[in-house]
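Observations on the model geometry
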Amino acid sequence: MKFRELAIEGAFEITPQLHGDPRGLFTEWYRFDRLAEVVGHPLRLAQGNLSVSARGVVRGIHFADVPPGQAKYVSCVRGAVLDVIVDLRVGSPTFGRWEGVRLDDVDRRAVYVAEGLGHGFCALSDDATLSYICSETYNPTGEHAVHPLDPDLGIEWPADVPQLSARDEAAPSLADAIAGGLLPSYEACKAYEASLRV
């Protein structure tokens, strides 16, 4: 299992070692001890989600209030997606930047998304299936979205006409989220991360 820190602090790409033979394939797709070594604290496993999307569907950009936020460990168990992480932490050196990682059922990569970061994806195949484990359970009053097609973010989605949910279609722009005080601060995220190390 190899970890690569992305250009956004708190985001990692994880590439597992695949063991295959004529019978099939085996891999360790998650190791709590290895992840804790890299990020500096264990990932609390509070909820597991499964998402199935048609080609061209864009979901996100979603994030949660910090504290406690919601860290995610995301993998694609069927098909392929472009997984996108956006730095939404006001005051961060990389605030407003995004990075994309292809997740698919061939290389079996995963991404780790720390608290305070925005997350979304675009399905590159029909029935693209994401499995992700989260550090906190769903909290409808503490979870938010930024419009995934906001030109200020400039995300290069690989879809001619992205299909959005009603929630994501109605999500505020980055500028409106800033003005409305919806985004977490870099300082609060770093303080919460430090509390997890204790």
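Residues numbered from 1 in each chain as written. Predicted model: local features only at pLDDT ≥ 70, side-chain atom pairs only at ≥ 80, totals over all residues. Heavy atoms only, no water.

Remarks on the overall build of the protein
Threshold: Per the convention used, a helix needs a DSSP run of H or I reaching at least four residues, while a strand needs a run of E reaching at least two, with both numbered from the N terminus. As a reference, a globule follows 2.2 Å times the number of residues to the power 0.38, and the radius of gyration itself is taken over C-alpha atoms. Think of it in three bands: residues with accessible area under 20% of the maximum for their type are buried, residues over 50% are exposed, and the middle band is partly exposed, with areas taken using a 1.4 Å probe on protein chains only. Here a residue-residue contact requires only that any non-hydrogen atoms of the pair lie within 4.5 Å. All accessibility values rest on the Shrake-Rupley procedure with a 1.4 Å probe; residue burial counts only the protein chains present in the view. A residue counts as positive if it is Lys or Arg and as negative if it is Asp or Glu; His and the chain ends are not included. Throughout, a charge is located at the NZ atom of Lys, the CZ atom of Arg, the CG atom of Asp or the CD atom of Glu.
The helix and strand tally for the protein stands at four helices and 13 strands. Relative to the globule expectation of 16 Å for 198 residues, the C-alpha radius of gyration of the protein, 16 Å, shows essentially globular dimensions. Oriented by its inertia axes, the alpha-carbon framework of the protein measures out at about 55 × 45 × 30 Å. Counting across all 198 residues of the protein, residues that qualify as buried make up 49%. The long-range fraction of contacts in the protein, counting pairs at least 24 apart against all pairs at least 6 apart in sequence, stands at 79%. Put simply, the protein shows about 9600 Å² of open surface, and 52% of that area lies on carbon and sulfur atoms. The centroid of the 18 positive side-chain charges in the protein is displaced by 7 Å from the centroid of its 28 negative side-chain charges.

Observations concerning the environment of Asp-150
As a reminder, the rule being used: Between N or O atoms, a polar contact is any pair within 3.5 Å; within protein, one atom must be a potential hydrogen donor and the other a potential acceptor, and residues adjacent in sequence are included only when both atoms are from side chains.
By the element assignment, Asp-150 lies in the loop between strand S13 (143-145) and helix H2 (166-169). Expressed as a C-alpha distance, the spacing of Asp-150 and Ala-171, which sit 21 residues apart in the sequence, is 9.6 Å. When near neighbours in sequence (up to four residues on either side) are disregarded, Asp-150 contacts Ser-173, Leu-174 and Ala-175. Of note is the side chain of Asp-150, whose polar atom sits 2.9 Å from the backbone nitrogen of Asp-152.

Concerning the sheet that holds strand S8 (residues 80-87)
Here is the rule: DSSP bridges decide pairing: two strands pair if at least two such bridges lie between them. What counts as an axis is a line fitted to C-alpha atoms, over the stretch in contact for a helix, and the angles between N-to-C directions run from 0 to 180 degrees.
Strands sit in the order S9-S8-S11-S6-S13 across an open sheet of five strands; the sheet is antiparallel. The sheet is open, and its two borders are formed by strand S9 (98-104) and S13, each paired with just one other strand. Adjacent strand axes in the sheet meet at a mean angle of 25°, parallel and antiparallel pairs treated alike. With seven bridges joining them, S8 and S9 adopt antiparallel strand pairing. Within S9, the residue paired with Val-81 across the bridge is Leu-103.

Description of the packing of aromatic side chains
Convention followed: Here a Phe, Tyr or Trp ring, Trp counted by its six-membered ring, pairs with any other such ring whose centre lies within 6.5 Å, and the pair is stacked when the planes are under 30 degrees apart, edge-to-face when over 60, and tilted otherwise.
Per the stated rule, a full pass over the model turns up four aromatic pairs. A centroid spacing of 6.2 Å and a plane angle of 45° characterise the contact between Trp-29 and Tyr-30, whose relative ring orientation is tilted. Feature note: the residues Trp-29, Tyr-30 and Tyr-73 constitute an aromatic cluster, connected by ring pairs.

Some words on a nonpolar patch on the surface
To keep things clear, this is the line we draw: Residues enter patches when their relative accessible area tops 30% and they take part in no salt bridge; the joining distance is 9 Å for like charges and 5 Å for the nonpolar side chains Val, Leu, Ile, Met, Phe, Trp and Tyr. In what follows, salt bridge is the name for a side-chain nitrogen of Lys or Arg lying within 4 Å of a carboxyl oxygen of Asp or Glu.
Together, Leu-50, Val-52 and Val-77 give the surface a local cluster of nonpolar side chains, amounting to about 280 Å² of exposed area. One can find Val-52 in strand S5 (residues 47-53).

A look at helix H4 (residues 186-197)
Every α-helix winds through 3.6 residues per turn, so residues three or four apart in the chain are directed the same way. Stated formally: A helix is expected to span 1.5 Å for every residue after the first. The directions from the helix axis to the C-beta atoms are what the arc is built from.
Here H4 contains twelve residues, and its C-alpha end-to-end distance of 17 Å stays within 8% of the 16 Å for a straight helix at 1.5 Å per residue. Listed in full, the buried residues belonging to H4 are Tyr-186, Cys-189, Tyr-192 and Glu-193. Taken down its axis, H4 places every buried residue within 130° of arc, on the same side. Buried residues in H4 make contact with helix H1 (32-39).

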